[in-house]
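Reading the structure
Each chain, written out:
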Amino acid sequence: MRAVVVEEFGGPEVLKVKDWPDPEPGPGDLLVDVDFAGINFMDTGSRVGFGLVGEVPAVLGVEGAGRVAAVGEDVSGFAVGDRVAWVSVFGSYAQKIAMPADQAVPIPDDIPSDVAAATMMQGLTAHHFVTESAPLAEGETALVHAAAGGVGRMVTQLLKLRGARVIGLVSREEKVTAAKAAGADEVLVSSDGDFVDRVLALTDGEGVHAVFDGGGANTFWRSIEVLRRVGTLVYYGPLIGEIPTVRMFDLPRSIRITYAVFADHIHSRELLLGHAGDLFEKIREGKLSVDITGRYPLDAAAQAHIDIESRRTSGKLLLDPRR
Ligand SMILES: NC(=O)c1ccc[n+]([C@@H]2O[C@H](COP(=O)([O-])OP(=O)(O)OC[C@H]3O[C@@H](n4cnc5c(N)ncnc54)[C@H](OP(=O)(O)O)[C@@H]3O)[C@@H](O)[C@H]2O)c1
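Residues numbered from 1 in each chain as written. Predicted model: local features only at pLDDT ≥ 70, side-chain atom pairs only at ≥ 80, totals over all residues. Heavy atoms only, no water.

Section: the sheet that holds strand β1 (residues 2-6)
The following threshold applies: The rule for pairing is simple: two strands pair if DSSP sees at least two bridges between them. Starting at the N terminus, helices and strands are each numbered in turn, a helix being any DSSP run of H or I of at least four residues and a strand any DSSP run of E of at least two.
One open sheet holds the 3 strands; their spatial order is β2-β1-β4, and the pairing between them is antiparallel. Looking at strand neighbours, the two that pair on one side only are β2 (15-19) and β4 (58-59), the edges of this open sheet. Examined bridge by bridge, β1 and β4 share 2 bridges and lie antiparallel to one another. Bridged to Val5 within β4 is Val59.

Printed below as a string of structure tokens:
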């Protein structure tokens, strides 16, 4: 099969398309023909060796959708040809992938495979953020960083469905439309962390109930500045800048901080199917939209990384390993 392989950690140029041995499904596994692989910002971290790919050479990518090509021993409930989607399975930027059947989410007949692939990482992440990390009530206000991005668009839409007010933050004027389309009530443009005064002005000086910040160290303390009393910082961007050091007594106004990691919130098959099922239901009802803005053949994986790191993309980027 063909796959995007990292042989040494580094910039986008280390992503090479190679012939790679077909994965072998072991007991409890499925072998899947990959139709779409999701590009996630975290993949840029894996590419540089940020603790996520332990050894190289390795096939990059953790998310996708495809069709079951073979069913391993001791697997029930799946048949060849079934459409499935997955997340947190390394080796997704490839034409085939083997995965524990427990991690395969059956795709409902009325959900296209590209939509399912685009929903898994960013949709599930946003879903547990807004249902567990900071479950805002109707009328409460959130600041959402990178509101036109993959996770940001999903967080914005899901908060609006809860009746919250969303102040979106984007780095460029041209992203305002995408953030507004996701439902943001107000959209601020700033690429250098200059948003504190404007957020406070929009909230009568009180600040917001929650900040959703994947922007890393560069925005960490400013996100805290705009929280109201007992507000919650949902922090999830360790890849950009230095990881901040926090001294408990420096935290103001009894605020709460959570570094929300997918695997802690969605740690069982039941939870995986429950969160995914709710997202598919909202898509089916037309309440949640998936905005696929870039589709790349395997050969263009490096360009996809250049694009997502450029801060120019919005919505979801997919690789199509069949091209
Ligand atoms: N903890 C978890 O379980 C979890 C799960 C999924 C994703 N994440 C994290 O969530 C964040 C968003 O991921 P995503 O896949 O949805 O990507 P994305 O938001 O589509 O793209 C990244 C966005 O980050 C913003 N950004 C801020 N500073 C940046 C910088 N110095 N360089 C590049 N981009 C910068 C940009 O938006 P603006 O230009 O508008 O600021 C950019 O569009 C990432 O930090 C990712 O690692 C965490």
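Remarks on the packing of helix α2 (residues 113-133) against helix α3 (residues 150-161)
Under the convention used in this document: Axis lines are fitted through C-alpha atoms, for helices just across the contact stretch, and the angle between N-to-C directions can take any value from 0 to 180 degrees. By definition in this entry, angles of less than 35 degrees are roughly parallel, angles greater than 145 are roughly antiparallel, angles of 65 to 115 are roughly perpendicular, and the rest are oblique. Each crossing gets its handedness from the near helix: less than a right angle anticlockwise from the far helix is left-handed, clockwise is right-handed. For this analysis, residues touch if any pair of their heavy atoms sits within 4.5 Å. Under the grouping applied here, Gly and all other residues not named as nonpolar or charged are polar, the nonpolar ones being Ala, Val, Leu, Ile, Met, Phe, Trp, Tyr, Cys and Pro and the charged ones Asp, Glu, Lys and Arg.
Where α2 meets α3, the axes come as close as 8 Å, and the angle between the chain directions of the two elements is 50 degrees. Judged by the angle between their axes, α2 and α3 are oblique. Both α2 and α3 take part in a crossing whose hand is right-handed. Counting all contacts with α2, which are made through Ala118, Gln122, Gly123, Thr125, Ala126, His127, Phe129 and Val130, the residues of α3 involved are Gly150, Val151, Met154, Val155, Leu158 and Leu159. Along the lines of polarity and charge, the residues of the contact of α2 with α3 split into 9 nonpolar, 5 polar and no charged.

Some thoughts on the sheet that holds strand β10 (residues 165-170)
Pairing in this open sheet of 6 strands is parallel, and the strands run β11-β10-β9-β12-β13-β14 from one edge to the other. The open sheet has two free edges, formed respectively by β11 (186-189) and β14 (256-259), since each of these has just one partner strand. Sheet twist, expressed as the average angle between the axes of neighbouring strands with direction ignored, equals 15 degrees. Note: strand β12 (residues 208-213) against strand β13 (residues 227-235), 5 bridges, orientation parallel. Within the sheet, the bridge partner assigned to Ala210 lies in β13 and is Thr232. The sheet strands contacting α2 are β12, β13 and β14, and the helix crosses β13 at an angle near 150 degrees. Together, β9 (141-144), β10 and β12 form the strand contacts of α3, whose direction differs from that of β9 by roughly 170 degrees.

What to know about the packing of aromatic side chains
Each aromatic ring pair is summarised here by two numbers: the centre-to-centre distance and the angle between the ring planes. Counted only if it meets this: Paired rings are identified among Phe, Tyr and Trp, the last through its six-membered ring, by centres lying within 6.5 Å, and are further divided according to the angle between planes into stacked (under 30 degrees), edge-to-face (over 60) and tilted (the rest). Residue burial is assigned from relative accessible area. The probe radius is 1.4 Å, only protein chains are included, and a residue is buried under 20% of its type maximum, exposed over 50%, and partly exposed in between. Note on criteria: charge over ring means Lys NZ or Arg CZ within 6 Å of the ring centre, with the direction from the centre no more than 35 degrees off the ring normal.
Tallied over the entire structure, the rule returns 5 aromatic pairs. Where Phe129 meets Tyr236, the ring centres are 4.6 Å apart and the plane angle is 45 degrees; that geometry is what we call tilted. A residue pair is termed long-range when its members are at least 10 positions apart, and Phe129 in helix α2 and Tyr236 in the loop between β13 and β14 qualify at 107 residues. We classify Tyr236 as buried; its relative accessible area is 17%. Each ring, one from Tyr235 and one from Tyr259, has its centre 6.1 Å from the other, and the planes form 50 degrees; the classification is tilted. Remark: Tyr259 occurs in strand β14 and Tyr235 occurs in strand β13; sequence separation between them is 24 residues. Residue classification places Tyr235 among the buried residues on the basis of a relative accessible area of 6%. Feature note: the residues Phe220, Trp221, Tyr235 and Tyr259 constitute an aromatic cluster, connected by ring pairs. Across the ring face of Phe36, the terminal group of Arg322 is positioned such that the distance to the ring centre comes to 4.8 Å.

All quantities given are derived from atomic positions and should not be read as evidence of function.
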